[in-house]
Amino acid sequence: GDSVTQMEGPVTLSEEAFLTINCTYTATGYPSLFWYVQYPGEGLQLLLKATKADDKGSNKGFEATYRKETTSFHLEKGSVQVSDSAVYFCALSGDRGSTLGRLYFGRGTQLTVWP
Amino acid sequence: ETGVTQTPRHLVMGMTNKKSLKCEQHLGHNAMYWYKQSAKKPLELMFVYNFKEQTENNSVPSRFSPECPNSSHLFLHLHTLQPEDSALYLCASSPGYGRTMNTGELFFGEGSRLTVL
């Protein structure tokens, strides 16, 4: 079945460091891919998304490229800030042609950025 | 301010209590979801409602009883819970659930932190 695997955390970085959080997926068909972020004490919110192969999603300095050949959607940011400290979730949705609208989430990666 | 509002934000209850969690969305969406977020575990989809009809129940114990009176409101009624049910319960909405309306994006509330003593 469809699933997402993301790197285990926690990830601890100094401010201005480069961030990569790995995410790989297993899916049939052509899923859409997402990164959600959960700040402390809040619900999840969409960070970025990509709906087809080779698309690059970007937002707030974060980027991720939908790589069908490696079934990956790694999250990157060139220079993290303390305010980026949060839990990051990779997710995929079913094939556009599917009647299922559910999202499959990874386990989440805790990021802590120190000043 | 989120378009999905959950109340209460925190709830402590005994195992014999009956309580309810409420979710309201102001986004004009037609699908609503309950997720359970426990420490060290992946997000668990519990229930899905599409146009007020339940379309998915992921083998959730009957001590959790959802109710969706209209497309804007979703409740989770709690009765005879166990300590392992302590978790953050997240409500979400989306434009729809199904082939023609699925964009994959969910809009989450801030969650209700439940503690069962």
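Residues numbered from 1 in each chain as written. Chains lettered and ligands numbered in written order. Predicted model: local features only at pLDDT ≥ 70, side-chain atom pairs only at ≥ 80, totals over all residues. Heavy atoms only, no water.

**A look at the overall build of chain A**
Secondary structure summary: chain A contains zero helices and 12 strands in total. Starting at the N terminus, the α and β elements of chain A follow one another as β-β-β-β-β-β-β-β-β-β-β-β. Taking 2.2 N^0.38 as the reference for a compact globule, 115 residues should give roughly 13 Å; the C-alpha atoms of chain A span a radius of gyration of 14 Å, in line with that estimate. Taken over the C-alpha atoms alone, chain A extends approximately 45 × 30 × 20 Å along its principal axes. (Helix = DSSP H or I, 4+ residues; strand = E, 2+ residues; numbered from the N terminus. Rg over C-alpha atoms; globule rule 2.2 N^0.38 Å.)

**Thoughts on the state of the cysteines**
All names here are of chain A. Following the criterion strictly, the structure yields two disulfides over all chains and no others. Between cysteine 23 and cysteine 90 runs a disulfide, and the two sulfur atoms are separated by 1.9 Å. Judged by the sign of its S-S torsion, about -70°, the bond between cysteine 23 and cysteine 90 is left-handed. Remark: cysteine 90 occurs in strand β10 (residues 86-93) and cysteine 23 occurs in strand β4 (residues 23-26); sequence separation between them is 67 residues. (Disulfide = S-S within 2.5 Å.)

**Here's the deal with the pairing of strand β11 (residues 112-116) of chain B**
All names here are of chain B. Burial of β11 is one-sided: the residues Ser112, Leu114 and Val116 facing one way are buried, the residues Arg113 and Thr115 facing the other way are not. Alignment of strand β2 (residues 10-13) against β11, held across four bridges, turns out to be parallel. Bridge assignment links leucine 11 to a residue of β11, and that residue is leucine 114. The pairing of strand β9 (residues 87-94) with β11 spans three bridges and is antiparallel. Residue pairing in the sheet places leucine 88 in a bridge with arginine 113 of β11. (Buried < 20%, exposed > 50% of the residue type's maximum accessible area, 1.4 Å probe, protein only. Pairing = 2+ DSSP bridges.)

**Digging into the sheet that holds strand β3 (residues 18-25) of chain B**
Residues and elements named next belong to chain B. Across the sheet, which stays open at both edges, the four strands sit in the order β1-β3-β8-β7 with antiparallel pairing between neighbours. A single partner strand is all that each edge strand has here, and the edge strands are β1 (4-7) and β7 (64-70). On average, each strand axis in the sheet is tilted by 15° relative to the strand beside it, whichever way the strands run. Two elements, β3 and strand β8 (residues 73-79), share seven bridges in a ladder whose sense is antiparallel. Following the sheet pairing, glutamate 24 is matched in β8 by histidine 73. (Axes fitted to C-alpha atoms, helices over the stretch in contact; angles between N-to-C directions.)

Such coordinate-based values are descriptive only and should not be taken to indicate function.
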